Amino acid sequence: TLLAWGLIFAGVLLAADRLVAGAGWLWTGLAGAGFLAAYARQRIRGLMVVGCVLLGVAGGLALGGAGLRGGFFVALGVALMAIDRFEPDPEKRIWRVGVALALFGALAALVTAGWLQDARLAVALIVAGVLLWLDRERAVPGATDREPDGPRPT
């Protein structure tokens, strides 16, 4: 049974390698999966970090091969965020770097797709800002009604 599943898995991976034109994403992903399997057995943080980074690079190569601009940075950012999910860092340094890379990739995708010239993006940004502002008001009641520290300029 294990041999049958192994053959099916290998066949699916080889078919996927043919569908997505990219340089080595499959083999990079398999190496990353191997590092994560080693991490699952030994619980050595370095194995997990290398595995996540390799899987992020593999995802980025696959997305780039599929023609998605900025996909490499999005995939690598998500992989870095996954490191924080495996072993959370109280200071969230790796999480922040991952978010920054993912946002950079998303911005690159928006620029190449021409969305920055679209009025719908401006409306979406305004709506997102209003929602964040309303959420802040809910979290800190009267946040906009507070007096600033010190005397008011006249």
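Below: a short report on this structure. In this text, all values refer to a predicted model and were calculated from it rather than measured experimentally.

As a further point, take helix α3 (residues 45-65). With 21 residues, α3 extends 30 Å between its outermost C-alpha atoms, agreeing within 8% with the 30 Å of an ideal straight helix rising 1.5 Å per residue. Buried within α3 we find L47, M48, G51, C52, G56, A58, G60 and A62. Buried residues in α3 make contact with α2 (25-42) and α4 (71-86).

If you trace the backbone, D84 turns up in helix α4. Reaching out from D84, the side chain makes a polar contact with the side chain of R85 at a distance of 2.8 Å. Not counting residues within four places of it along the chain, the set of residues in contact with D84 comprises D89, K92 and W95.

Let's shift gears to the packing of α4 against helix α5 (residues 93-113). Between α4 and α5, whose axes approach to 7 Å, the crossing angle comes to 160°. Classed by the angle they form, the pair α4 and α5 counts as roughly antiparallel. As α4 packs across α5, the resulting crossing turns out to be left-handed. Contacts between α4 and α5 involve F73, V74, L76, G77, L80, M81, I83, D84 and R85 from the first element and I94, W95, V97, G98, V99, L101, A102, F104, G105 and A106 from the second. Taken together, the residues that form the contact of α4 with α5 break down as 14 nonpolar, three polar and two charged.

Let's shift gears to the pattern of salt bridges. Within the structure shown, the criterion is met by five salt bridges. The partner of K92 in a salt bridge is D84, and the shortest N-O contact between them spans 3.1 Å. Judged by relative accessible area, which is 1%, D84 ranks as buried. Three or more residues are tied together by salt bridges with common partners; here these are D84, R85 and K92.

Below, the discussion takes up unusual backbone geometry. The backbone of R43 sits at a positive phi, close to 55°, despite the residue not being glycine. Along the chain, R43 turns up in the loop between α2 and α3. Since its relative accessible area comes to 57%, R43 is described here as exposed. One non-glycine residue, K92, lies in positive phi territory at about 60°. Looking at the secondary structure, you find K92 in the loop between α4 and α5.

Taken together, V123, I126, V127, V130, L131, W133 and L134 make up a surface patch of nonpolar side chains, about 670 Å² in accessible area. Within the fold, L134 resides in helix α6 (residues 119-139).

Conventions used here
Residues numbered from 1 in each chain as written. Predicted model: local features only at pLDDT ≥ 70, side-chain atom pairs only at ≥ 80, totals over all residues. Heavy atoms only, no water. Helix = DSSP H or I, 4+ residues; strand = E, 2+ residues; numbered from the N terminus. Expected span 1.5 Å × (residues − 1). Buried < 20%, exposed > 50% of the residue type's maximum accessible area, 1.4 Å probe, protein only. Contact = heavy atoms within 4.5 Å. Polar contact = N/O pair within 3.5 Å; in protein donor to acceptor, adjacent residues only side chain to side chain. Axes fitted to C-alpha atoms, helices over the stretch in contact; angles between N-to-C directions. Parallel < 35°, antiparallel > 145°, perpendicular 65-115°, else oblique. Left-handed = near helix turned anticlockwise from the far one by under 90°. Nonpolar A, V, L, I, M, F, W, Y, C, P; charged D, E, K, R; others polar. Salt bridge = Lys/Arg side-chain N within 4 Å of Asp/Glu carboxyl O. Patch = residues over 30% accessible without salt bridge, like charges linked within 9 Å, V, L, I, M, F, W, Y side chains within 5 Å. Areas by Shrake-Rupley, 256 points an atom, 1.4 Å probe, with all protein chains shown as cover.

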